[in-house]
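Summary of structural features
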Amino acid sequence: MNIVDIITKKRDHQELNKQEINYWITGVIEETIPEYQTSALLMAIVLNGMNEEEIGNLTESMMHSGDVVDLSGIEGIKVDKHSTGGVGDKTSIVLGPLVAAAGGKVAKMSGRGLGHTGGTLDKLESIEGFNPYLNQNEFIDVVNKVGCAIIGQSENLVKADKILYSLRDVTGTVDSIALIASSIMSKKLASGSDAIVLDVKIGEGAFMKDIESGRKLAKTMIAIGKHLNRDVRAVLSNMNQPLGRAIGNSLEVIEAIETLQNRGPKEFEELCINSAAIMLTQGKQVNNYEEGRELALETLRSGKAFDKLVDFVEAQGGNSEQIKNTKLLPMAKNSLSLKSNKTGWISDIDALELGKLSMHLGGGRVKASDSINHGVGLVLGVHVGSKVNRGHDLVTIYYDEDVLPKQRIQEAYACFTFSDEPVEVQPVILEMID
Ligand code: URA
């Protein structure tokens, strides 16, 4: 077998077989295939696509290119959730405790933030002492004892993805359903859970800008799950505005806590209840989605989900006093509320730009080696559809500089679009696919 033939085949719209895909991925991790040939093949895949069989084989090959986590020490069905990345997405911090309090098992590996999207690990590290570096046995012990744990992805998980992703980033080959689906699913499957809910974000603040491409990505990932015998279901959710009100690490932890205390934003709560209902169905705590919703709501309303958050934070070494009293969490020195200078209805809130603004305040990373300021960020005072008068709070900026640069204020104002007419509001859940 040789790589030039494989590249030529894909260039000529032919299907690659399992052996050819394995040969390529092995060559990538053993560095016997140079980056220029891998880049050429990636471009041929972007241009000519892959069928379901090829994508399944690529995912399987990538999944085995590093450690595959063995979660068999955890009793019961292990359920996981993956979001394709949004702004203000603190769902995992709510879902882990919520599903665990309802009897499910969530053994989650999360990443750090880069660019305008935040990472669950960075958010959780706002809590003093929280340890995302449990070893395999500690991880399994916490899930068995508490029902959920969240740790950082092992360095050796899906080695091929790290190499391929860094090449895709600089060769214009990120935008491919086959490559995105195999990248996401190889990591999820190597993380060891039996069942996965995929939250595919649609909108300006997301990878997938329209519902058709989101649907296609979701269906491709569900097909990969079938290929590898896992129960994968998907939710398409709206990312045309940030999720909830808070953007920034500590601020998002506070919003997750408020949601677990039944005082969170309604649409964010709805997204959590919806995903929890699917996960409880997959975990067989309930017989169907409707029963899952009922159980999730009952668990949230009773306060059991909040108590579970306290247990989970303590089990991972975090200071739970900060959960019980959020004033103890890191907070920026200064804040400024931007007031509306117009009257009307909010028709659009630019999630992508607000995510970037939070990053520039220090809440996110421009490059992977940057450190994070946990206390800075933004809290929205409006959402799409809000009726706003002059002087109404649009957004509060939390910052640590002595003076907030004018440019940041202008950037923040520019994120809000007004209409003279009432605006139709899209639901947070756009579609469910299984
Ligand atoms: N997220 C991933 O993990 N991989 C991609 O290719 C795109 C988004």
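Residue positions are counted from 1 within each chain, in the order its sequence is given. Note on the predicted model: pLDDT of at least 70 is required for a residue's local features to be given, and 80 or more for side-chain atom pairs to be given and counted; whole-chain, interface and lining totals, by contrast, use all residues. The side-chain figures draw on all heavy atoms in the structure; neither hydrogens nor water molecules are used.

1. Quick look at the sheet that holds strand E13 (residues 429-433)
The condition is simple: At least two DSSP bridges between two strands are required for those strands to pair. In this text, helices come from DSSP runs of H or I with a minimum length of four residues, and strands from runs of E with a minimum of two, each type numbered from the N-terminal end. Here an axis means a line fitted to C-alpha atoms, over the contact stretch when the element is a helix, while the angle between two N-to-C directions is reported on a 0 to 180 degree scale.
In spatial order, the strands read E1-E4-E5-E13; together these four strands make up an open sheet with mixed pairing. The open sheet has two edge strands with one neighbour each: strand E1 (79-83) and E13. When strand polarity is set aside, the average angle formed by the axes of neighbouring strands in this sheet is 20°. Strand direction decides the pairing type here: E1 and strand E4 (residues 195-202), joined by five bridges, are parallel. Pairing of Lys81 across the sheet is with Val197, part of E4.

2. Some points on the domain arrangement of the protein
Test applied: A domain assignment, automatic or from a database, supplies the domain bounds used here. Note on contacts: a residue pair is in contact if any heavy atoms of the two residues lie within 4.5 Å. Accessible-area loss on putting two parts together, using a 1.4 Å probe and summing over both, is the definition of buried area adopted here. The salt bridge definition used is simple: a Lys or Arg side-chain nitrogen within 4 Å of an Asp or Glu carboxyl oxygen. As used in this structure description, the phrase polar contact means that two N or O atoms lie within 3.5 Å; if the pair is within protein, one of them must be able to donate a hydrogen and the other to accept it, and residues adjacent in sequence are counted only when both atoms belong to side chains. Charged residues are taken to be Asp, Glu, Lys and Arg, nonpolar residues to be Ala, Val, Leu, Ile, Met, Phe, Trp, Tyr, Cys and Pro, and polar residues to be all remaining types, Gly included.
Entries for the protein in the domain assignment read domain 1 (3-49), domain 2 (78-324) and domain 3 (330-419). Look at where the C-alpha atoms of domain 1 and domain 2 centre, and you get two points 32 Å apart. Taken residue by residue, the interface counts 11 residues in domain 1 and 13 residues in domain 2. Of the roughly 1000 Å² buried between domain 1 and domain 2, counting both surfaces, carbon and sulfur atoms make up 85%. Our count for the domain 1 to domain 2 interface comes out at zero salt bridges. Here domain 1 is connected to domain 2 by zero residue pairs in polar contact (both at pLDDT 80 or more). For the side of domain 1 that touches domain 2, the secondary-structure elements that each account for two or more residues are helix H2 (18-29) and helix H3 (35-48). Here the residues of the side of domain 1 that touches domain 2 sort into eight nonpolar, two polar and one charged.

3. Overview of the packing of aromatic side chains
Cut-off, in case you're wondering: Think of it this way: a Phe, Tyr or Trp ring, Trp meaning its six-membered ring, pairs with another when their centres are within 6.5 Å, and the plane angle makes it stacked under 30 degrees, edge-to-face over 60, tilted otherwise. Here's how the labels work: a residue is buried when its accessible area is under 20% of the maximum for its type, exposed when over 50%, partly exposed in between, all with a 1.4 Å probe on protein chains only.
In this structure the tally under the stated criterion is one aromatic pair. Taking 5.8 Å as the distance between ring centres and 70° as the angle between the ring planes, the aromatic pair formed by Phe130 and Phe312 counts as edge-to-face. Taken together, the positions of Phe130 in the loop between helix H6 (120-124) and helix H7 (136-146) and Phe312 in helix H14 (residues 304-315) put the pair 182 residues apart, joining distant regions of the chain. Here Phe130 falls in the buried class, since its relative accessible area comes to 6%. Using a relative accessible area of 0% as the deciding quantity, one classes Phe312 as buried.

4. Let's talk about the site of the ligand
Stated precisely, the cut-off is as follows: Definition of nearness: a residue and a molecule or strand are near each other if at least one heavy atom of the residue lies within 4 Å of the molecule or strand. For every accessible area listed, the method is Shrake-Rupley and the probe measures 1.4 Å; residues are considered covered only by the protein chains on display.
Near the ligand the following residues occur: Tyr165, Arg168, Ile180, Ser183, Ile184, Lys187 and Phe207. In this structure, Ser183 approaches the ligand through a side-chain N or O atom, which is 2.6 Å from a nitrogen atom. Compared with its free state, where it exposes 230 Å², the ligand has 87% of that area covered by protein. Of the residues assigned to the shell around the ligand, the class counts are four nonpolar, one polar and two charged.

5. Thoughts on the pattern of salt bridges
Going through the model one piece at a time under the given rule, you end up with 24 salt bridges. Here Glu125 and Arg112 are joined by a salt bridge, their closest N and O atoms 3.0 Å apart. In this pair, Glu125 is assigned in the loop between H6 and H7 and Arg112 in the loop between strand E2 (106-110) and H6, connecting sequence segments 13 residues apart. Residue Glu125 is classed as partly exposed on the basis of its relative accessible area, which comes to 25%. Its salt-bridge partner being Lys201, residue Asp199 comes within 2.8 Å of it at the nearest N-O pair. Residue classification places Asp199 among the buried residues on the basis of a relative accessible area of 0%.

6. Focus: the sheet that holds strand E6 (residues 246-247)
Strand order in the open sheet formed by four strands is E6-E9-E11-E7, with antiparallel pairing between adjacent strands. In the strand order of this sheet, the two ends are held by E6 and strand E7 (334-339), each with one partner. Bridge count for E6 against strand E9 (residues 377-380) is two bridges, and the pairing is antiparallel. If you follow Ile247 over to E9, its bridge partner there is Leu378. Strands E7 and strand E11 (393-399) of the sheet are contacted by helix H17 (residues 406-413), whose axis makes an angle of about 45° with E7.

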